[in-house]
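Results of the structural survey
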Amino acid sequence: MPQCKQQWMLNTSALKLIIYSSLPIFPAIFLLVTYDLFEITLIAKLCSAHLSALSFNAPISIAMTGLTIALSIATNNWICRVKSQTSSTDNNNIMGGVNTNVIRTLVVVSVLTLMMSMLLYIASPFIYKMLGTNSSAASTADLDVFSLVTQYTNLRLISWLPLVLIWQCNGILRSLGHIKPASTLLTLWMLCKFALSYMFIGDGTCVQSLNSGIIGAGYAHLISDSSFALVSLLITFRILGINTLVLPNIKWRNTFRQISVTGLNAALQQLYMPVCIGVLTYFVASVAHQKLPLLSILFRIEAVALLTPMVFTASLPGILAANWWANEYSRVKLLIMNSFAIIFIIQIAVAVVLYSNAHFIFVALNLSNELQADLAAFLLFVPISLIGAGFVMLTQSYLNAINQATQANALSFSHKIILTLPLAIVGLYHFSLVGMFIAIAVANVVTAILAVKRLFQLSQPNGNQRLPCHTKSPFIDNTQ
């Protein structure tokens with residue numbers, strides 16, 4: 001099996017590259033981003049206590065998912081480096097070297113995940129109290145928001161290791177060229193989670209939801225993640241020919257260093273979003289706690305609206321990197337221009353569809369008139385600005401792929417922490433949620449202008465220092 005199809009990446013037209021590389025992964029990413037909206041739609045049919053609990057949990061859940069993806073990116077890059085280094089040796093020893101590093105990676109990542117789970121288990125009650133769960137307790141039902149969110153978080157923490165193993169196995173399979181089984185596993189996993197959530201969340205009232213609602217959603221995550229973690233491990237071991245579970249010498253320090261090379265930067269970039277959401281949740285709970293349930297809905301609508309940029313961030317960075325290190329600057333520029341043009345057109349269409357179907361969304365989510373007005377303002381200002389958010393997401397992925405992780409970090413920090421947070425807080429205090437939405441839209445557009453300008457500077461022949469083609473620096477397929 002070739003380590004990467006560089007000739008295909010270097011010779012196929014830019015538009016065909018984008019289409020051929022993105023279509024196979026589209027169904028899995030679509031199910032991933034629509035699941036959250038499906039879950040929140042079911043929970044919205046219950047009382048506001050469940051929606052409030054889900055809103056308070058959002059920063060921790062997003063942080064867990066972000067760290068999971070960051071670890072997968074790190075593993076993917078390391079396995080590709082190992083494959084590149086071993087592919088020049090005796091073919092009989094190639095998979096043996098790769099498999100040894102796969103087991104090392106899985107063991108170390110599992111230990112790290114367990115340690116982070118224990119830390120979050122200890123810290124989460126304090127985090128929720130700081131966010132103001134007591135101020136958002138439902139007055140119409142005998143349910144405690146703090147108790148709901150704590151129980152749900154504990155279930156998610158138990159299922160965190162299985163979630164990490166699913167993403168680890170998927171990243172390993174894709175990094176070694178097994179695209180079809182990797183995408184099939186992700187798709188089946190999400191279909192299973194859809195079915196379990198529909199069964200466990202229920203559609204009753206708050207009084208009937210002590211073991212369903214958001215708690216039922218937690219059990220759906222636990223069962224589906226645990227089951228498919230086992231399936232993913234078995235399939236990965238079978239495809240790679242790992243027949244015994246004898247642990248190699250883990251070499252903890254070296255393994256941790258290899259993972260942290262990419263993982264640290266990726267983790268920081270993934271953490272800015274939950275930090276931003278957590279701070280905004282705190283301020284919304286302080287200023288307009290009765291509107292807090294709407295936040296969970298908005299976060300999920302935004303994720304669905306950014307489906308195309310999310311697919312591109314998974315499929316295109318490796319292709320751009322292959323052309324970058326081959327000094328194909330004109331093709332790099334074409335890839336950037338074509339991908340941005342597609343995002344621009346699709347995000348405009350998404351914004352129009354969302355705004356024109358606002359009434360259908362109101363009915364589906366069963367919102368009060370006050371929350372409907374706020375959601376209408378969100379649909380007016382934010383979706384169109386997601387053109388900018390999509391540009392920023394893709395720019396970060398491209399920068400990571402061409403060994404500019406520090407600039408990617410700076411871009412993400414500037415977007416979420418320096419621009420979005422201060423502007424959104426000021427807008428919230430002066431104009432309530434409408435002001436916050438306008439501020440978020442402005443931050444998206446401003447950051448996008450800076451990101452696109454810098455990316456096109458780097459795509460010029462003298463835009464930055466590059467490794468020449470003969471330099472010993474193997475191409476790393478960054479397809480996360």
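Residues numbered from 1 in each chain as written. Predicted model: local features only at pLDDT ≥ 70, side-chain atom pairs only at ≥ 80, totals over all residues. Heavy atoms only, no water.

Concerning the overall build of the chain
- Of the regular secondary structure elements, the chain holds 17 helices and zero strands.
- Expressed as a percentage of the 480 residues in the chain, the buried residues total 56%.
- A separation of at least 24 residues holds for 84% of the contacts in the chain among residues at least 6 apart in sequence.
- Just so you have it, the chain exposes about 20,500 Å², and 67% of that area is on carbon and sulfur atoms. (Helix = DSSP H or I, 4+ residues; strand = E, 2+ residues; numbered from the N terminus. Buried < 20%, exposed > 50% of the residue type's maximum accessible area, 1.4 Å probe, protein only. Contact = heavy atoms within 4.5 Å. Areas by Shrake-Rupley, 256 points an atom, 1.4 Å probe, with all protein chains shown as cover.)

Topic: the nonpolar core
- Formed by 136 residues in total, the largest nonpolar core has its most connected members in Trp-189, Leu-375 and Met-436.
- It is helix α17 (residues 405-458) that provides the largest number of residues to this core, a total of 16 residues.
- For Met-436, the residues in contact, after removing those within four places along its chain, are Leu-280, Val-284, Leu-295, Ala-424, Gly-427 and Leu-428. (Core = buried A, V, L, I, M, F, W, Y, C linked by side-chain atoms within 4.5 Å.)

What to know about the packing of helix α3 (residues 26-44) against helix α12 (residues 307-315)
- For the pair α3 and α12, interaxial distance at closest approach is 10 Å and the crossing angle is 130°. When the interaxial angle is binned, α3 and α12 end up oblique. Once α3 is placed against α12, the crossing between them reads as right-handed. Contact with α3, carried on its side by Phe-26, Ile-29, Phe-30 and Val-33, involves Leu-307, Met-310 and Val-311 of α12 and no other residues of that element.
- Tallied by class, the residues present in the contact of α3 with α12 amount to seven nonpolar, no polar and no charged. (Axes fitted to C-alpha atoms, helices over the stretch in contact; angles between N-to-C directions. Parallel < 35°, antiparallel > 145°, perpendicular 65-115°, else oblique. Left-handed = near helix turned anticlockwise from the far one by under 90°. Nonpolar A, V, L, I, M, F, W, Y, C, P; charged D, E, K, R; others polar.)

Considering unusual backbone geometry
- Despite not being glycine, Ser-432 has its phi angle at roughly 60°, a positive value.
- Tracing the backbone through its elements, the reader meets Ser-432 in helix α17.

Looking at the environment of Thr-313
- Inspection of the secondary structure assignment puts Thr-313 in helix α12.
- A relative accessible area of 14% places Thr-313 in the buried class.
- For Thr-313 and Leu-394, which are 81 residues apart along the polypeptide, the C-alpha to C-alpha distance reads 5.7 Å.
- At 2.7 Å, the side chain of Thr-313 and the backbone oxygen of Met-310 are in polar contact. (Polar contact = N/O pair within 3.5 Å; in protein donor to acceptor, adjacent residues only side chain to side chain.)

Brief notes about the confidence of the model for the chain
- The pLDDT averaged across the chain works out to 79; a share of 79% of its residues lies at or above 70.
- For the chain, the element scoring lowest by mean pLDDT is helix α1 (residues 6-11), at 63; helix α14 (residues 329-356) scores highest, at 92.
- The low-confidence segment residues 1-6, where pLDDT is below 50, has eight contacts with residues more than four positions distant or belonging to other chains.
- The model gives residues 464-480 a pLDDT under 50, and that stretch makes 49 contacts with residues more than four places away or in other chains. (pLDDT = per-residue confidence, 0-100.)

What to know about the packing of helix α16 (residues 369-401) against α17
- At a minimum axis distance of 7 Å, the contact between α16 and α17 shows a crossing angle of 20°. In terms of their interaxial angle, α16 and α17 are classed as roughly parallel. Relative to α17, the crossing made by α16 is left-handed.
- Looking at side-chain class alone, the contact of α16 with α17 contains 24 nonpolar, ten polar and one charged residues.

Focus on the packing of aromatic side chains
- Inspection of the entire model under this criterion finds nine aromatic pairs.
- Consider the rings of Tyr-272 and Phe-413, whose centres lie 5.5 Å apart with planes at 70°: the pair is edge-to-face. Residue Tyr-272 is located in helix α10 (residues 252-288), and its partner Phe-413 is located in helix α17; the two are separated by 141 residues in the primary sequence.
- A relative accessible area of 36% places Phe-413 in the partly exposed class.
- Here the aromatic residues Tyr-35, Phe-38 and Phe-194 are joined through ring pairs into a cluster of three or more.
- Taking the ring centre of Tyr-35 as reference, the NZ or CZ of Lys-193 above it sits at 5.8 Å. (Phe/Tyr/Trp six-rings, centres within 6.5 Å; stacked < 30°, edge-to-face > 60°. Lys NZ or Arg CZ within 6 Å of the ring centre and 35° of its normal.)

Observations concerning α16
- For α16, with 33 residues, the first-to-last C-alpha span of 46 Å sits near the 48 Å given by 1.5 Å per residue.
- At Ile-387, α16 shows its largest kink, close to 35°. (Expected span 1.5 Å × (residues − 1). Bend = angle between axes of the 7 residues up to and from the residue.)

Some thoughts on a nonpolar patch on the surface
- On the surface, Leu-423, Val-434, Ile-438, Val-442, Val-446 and Leu-450 cluster together into a nonpolar patch covering about 430 Å² of accessible area.
- You can see Leu-423 is positioned in helix α17.
- Given a relative accessible area of 36%, Leu-423 falls into the partly exposed group. (Patch = residues over 30% accessible without salt bridge, like charges linked within 9 Å, V, L, I, M, F, W, Y side chains within 5 Å. Salt bridge = Lys/Arg side-chain N within 4 Å of Asp/Glu carboxyl O.)

Side note on the pattern of salt bridges
- For the structure shown, the criterion picks out three salt bridges.
- Where Lys-193 meets Asp-225, a salt bridge forms, and the shortest distance between an N and an O atom there is 2.8 Å. One end of the pair, Lys-193, is in helix α8 (residues 179-201); the other, Asp-225, is in helix α9 (residues 213-240), and 32 residues separate them in sequence.
- Given a relative accessible area of 1%, Asp-225 falls into the buried group.
- Across the pair Lys-291 and Glu-370 runs a salt bridge, and its minimum N-O distance is 3.9 Å. One end of the pair, Lys-291, is in the loop between α10 and α11 (293-305); the other, Glu-370, is in helix α16, and 79 residues separate them in sequence.

Quick look at helix α2 (residues 14-22)
- Burial in α2 covers these residues: Ala-14, Leu-17, Ile-18, Ser-21 and Ser-22. Each buried residue of α2 sits inside an arc of 105° when the element is viewed along its axis, so together they form one side. (Arc of directions from axis to C-beta.)

Observations regarding the environment of Ala-358
- Inspection of the secondary structure assignment puts Ala-358 in helix α15 (residues 358-365).
- For Ala-358, a relative accessible area of 11% corresponds to the buried category.
- For Ala-358 and Leu-380, which are 22 residues apart along the polypeptide, the C-alpha to C-alpha distance reads 9.6 Å.

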